[in-house]
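A structural walkthrough
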Amino acid sequence: MAVFCLANSSDAFILLRAKQLGYTLPQILGLIGLFNLVSALTAFPAAALSDRLGRRTLISIGWTIYAASYALLGSPLRKIQ
């Protein structure tokens, strides 16, 4: 937990990366809205999954996805058209 708390970057870096990739401000705001919508829609199913798989297993899966996402964020990906 401490490693991920220390390594957690601010959302500002995500916004800067999106701007660097050429997204406009309305597109960036749309991406933020989409992120929050996905987060809200998956919260209840994730809680149910946590009851079946166990908290530690689900946290490990989540942290793996989180780490992969931030690794991809730093990669030289191009803007999706």
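Let me sum up the structure you'll find in this document. (Residues numbered from 1 in each chain as written. Predicted model: local features only at pLDDT ≥ 70, side-chain atom pairs only at ≥ 80, totals over all residues. Heavy atoms only, no water.)

On to the pattern of salt bridges, then. For the structure shown, the criterion picks out one salt bridge. Among the salt bridges present, the one from Asp51 reaches Arg55, with a minimum N-O distance of 3.2 Å. Here Asp51 matches Arg55 in class, with each residue exposed. (Salt bridge = Lys/Arg side-chain N within 4 Å of Asp/Glu carboxyl O. Buried < 20%, exposed > 50% of the residue type's maximum accessible area, 1.4 Å probe, protein only.)

With that settled, the discussion passes to a nonpolar patch on the surface. Together, Leu31, Leu34, Leu37, Val38 and Leu41 give the surface a local cluster of nonpolar side chains, amounting to about 460 Å² of exposed area. You can see Leu41 is positioned in helix α3 (residues 25-53). (Patch = residues over 30% accessible without salt bridge, like charges linked within 9 Å, V, L, I, M, F, W, Y side chains within 5 Å. Areas by Shrake-Rupley, 256 points an atom, 1.4 Å probe, with all protein chains shown as cover. Helix = DSSP H or I, 4+ residues; strand = E, 2+ residues; numbered from the N terminus.)

This brings us to the packing of α3 against helix α4 (residues 55-73). Relative orientation of the contacting elements α3 and α4 amounts to 125°, with a least axis distance of 7 Å. Relative to α4, α3 is oriented oblique. Taking contact as the criterion, the partners of Ala46, Leu49, Ser50, Asp51 and Leu53 in α3 are, on α4, Arg55, Thr57, Leu58 and Ile61. Along the lines of polarity and charge, the residues of the contact of α3 with α4 split into five nonpolar, two polar and two charged. (Axes fitted to C-alpha atoms, helices over the stretch in contact; angles between N-to-C directions. Parallel < 35°, antiparallel > 145°, perpendicular 65-115°, else oblique. Contact = heavy atoms within 4.5 Å. Nonpolar A, V, L, I, M, F, W, Y, C, P; charged D, E, K, R; others polar.)

This part covers the environment of Thr42. Mapped onto the elements of the fold, Thr42 is located in helix α3. Judged by relative accessible area, which is 42%, Thr42 ranks as partly exposed. At a separation of 2.8 Å, a polar atom in the side chain of Thr42 contacts the main-chain carbonyl oxygen of Val38. (Polar contact = N/O pair within 3.5 Å; in protein donor to acceptor, adjacent residues only side chain to side chain.)

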